[in-house]
Amino acid sequence: MFTSVDDVSARLAGTGYLASPAVATTVFLADRLGKPLLVEGPAGVGKTELAKAVAAVAGARLVRLQCYEGVDESRALYEWNHAKQLLRISAGRDETWDETRTDIFSEEFLLTRPLLTAIRGDDPKVLLIDETDKADVEMEGLLLEVLSDFQVTVPELGTITATRRPFVVLTSNAGRELSEALRRRCLFLHIGFPDEESERRIVRLKVPGLDEALARSVVRVVGALRAMDLRKVPSVAETIDWARTLLALGAGTLDETVVRDSLGVLLKHQDDILKATAKLDLDAL
């Protein structure tokens with residue numbers, strides 16, 4: 001998909017994703033080596049958006065598996081359409097079981113889920129396995145099979161092997177430690193909070209109506225909040241939301257009233273808001 005690291009940076013920027021040199025290099029290598037990319041970091045720093053941006057620049061279909069506790073093979077890989085199978089059995093009462101069985105375990109009755117969808121067909125795809133750390137450990141065994149050989153075995157149909165491998169992005173908020181076996185199969189990228197200048201550029205790109213001075217003030221306040229001992233520090237996504245909020249309020253500058261009244265956009269816990277209200281010194285920023 002990409003010819004060089006600079007090509008990655010330029011094309012991702014064209015979608016509105018400002019990639020650091022480390023991000024651009026790792027994406028280029030994942031593409032060139034055909035390896036899955038494991039992206040780890042705090043929530044809201046652009047891990048999922050990276051997969052979306054890669055899909056956009058490649059003209060590829062984004063196939064997303066959202067992980068959660070209890071997600072299993074039937075939600076991730078495939079399952080059979082049991083209701084349709086029962087209707088087919090009822091309609092063919094005069095047939096032998098062998099005739100019926102051959103029919104009901106065919107493509108027509110197969111419900112493909114994200115992992116199987118991603119390896120079927122010749123069209124370009126980006127497979128996003130989002131918040132991998134929220135899935136159970138048992139789910140990693142299934143991911144290992146798919147990511148190692150890019151093939152899936154359906155007992156009734158046989159082994160389905162990818163004719164065109166998808167670009168794979170796994171994201172993790174580091175809620176639990178992923179297995180070494182899974183990490184070994186991936187290139188690793190950590191995305192943390194950007195430095196002040198990078199975040200200002202992101203804010204100006206995502207909220208073009210915000211003037212330069214206010215953008216700098218927004219980023220400095222967010223930086224000060226992240227330095228506090230809060231339950232949940234604001235992410236980049238919340239910085240952008242706050243900038244849009246200030247624009248909607250018609251705020252030209254940041255003062256104590258504006259900040260106090262809009263802190264709920266940045267902070268999601270009442271004790272964090274109280275702590276920030278007490279400690280934040282706008283004059284010092």
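If you're wondering where the values come from, they're calculated on a predicted model, not measured in any experiment. (Residues numbered from 1 in each chain as written. Predicted model: local features only at pLDDT ≥ 70, side-chain atom pairs only at ≥ 80, totals over all residues. Heavy atoms only, no water.)

A few words on the domain arrangement of the chain. Segmenting the chain into domains produces domain 1 (5–84 + 110–190) and domain 2 (196–279). Across the boundary between the two partners, domain 1 contributes 5 residues, which contact 7 residues of domain 2. Taken together, both faces of the contact between domain 1 and domain 2 bury some 500 Å²; the carbon and sulfur share is 65%. Counting the surface domain 1 buries against domain 2, the share from its top three residues, G16, L18 and G44, is 75%. Connecting domain 1 to domain 2 are 3 residue pairs in polar contact (both at pLDDT 80 or more). Among the residues forming the side of domain 1 that touches domain 2, the class breakdown is 3 nonpolar, 2 polar and no charged. (Domains from an automatic or database assignment. Contact = heavy atoms within 4.5 Å. Buried area = accessible area lost by both parts, 1.4 Å probe. Polar contact = N/O pair within 3.5 Å; in protein donor to acceptor, adjacent residues only side chain to side chain. Nonpolar A, V, L, I, M, F, W, Y, C, P; charged D, E, K, R; others polar.)

Within the secondary structure layout, T239 lies in helix α12 (residues 236–249). Ignoring any residue separated from it by four or fewer positions in sequence, one finds T239 in contact with E199, V203, V218, V222, R226 and L266. (Helix = DSSP H or I, 4+ residues; strand = E, 2+ residues; numbered from the N terminus.)

Taken together, 5 strands build an open sheet; the order of strands is β2-β5-β8-β1-β9 and the sheet is parallel. In this open sheet, the two strands that pair with only one neighbour each are β2 (61–66) and β9 (187–190). Shown here is a sheet whose adjacent strand axes are inclined to one another by a mean of 20°, direction ignored. Across 4 bridges, the pairing between strand β5 (residues 125–130) and strand β8 (residues 167–172) is parallel. Pairing of V126 across the sheet is with F167, part of β8. Helix-sheet contacts for helix α3 (residues 47–58) involve β1 (37–40), β2, β5, β8 and β9, and the interaxial angle to β5 is about 170°. (Pairing = 2+ DSSP bridges. Axes fitted to C-alpha atoms, helices over the stretch in contact; angles between N-to-C directions.)

This paragraph deals with the packing of helix α10 (residues 196–206) against α12. Here α10 crosses α12 at 50°, and the two axes come no closer than 10 Å. Classified by the angle between their axes, α10 and α12 sit oblique to one another. As α10 runs across α12, the sense of the crossing is right-handed. For the pair α10 and α12, the contacting residues are E199, I202, V203 and K206 in the first and V236, T239, I240, A243 and R244 in the second. Looking at the contact of α10 with α12 residue by residue, the class counts come to 5 nonpolar, 1 polar and 3 charged. (Parallel < 35°, antiparallel > 145°, perpendicular 65-115°, else oblique. Left-handed = near helix turned anticlockwise from the far one by under 90°.)

So, on to the environment of E138. For E138, the location among the structural elements is in helix α8 (residues 137–149). For E138, a relative accessible area of 65% corresponds to the exposed category. (Buried < 20%, exposed > 50% of the residue type's maximum accessible area, 1.4 Å probe, protein only.)

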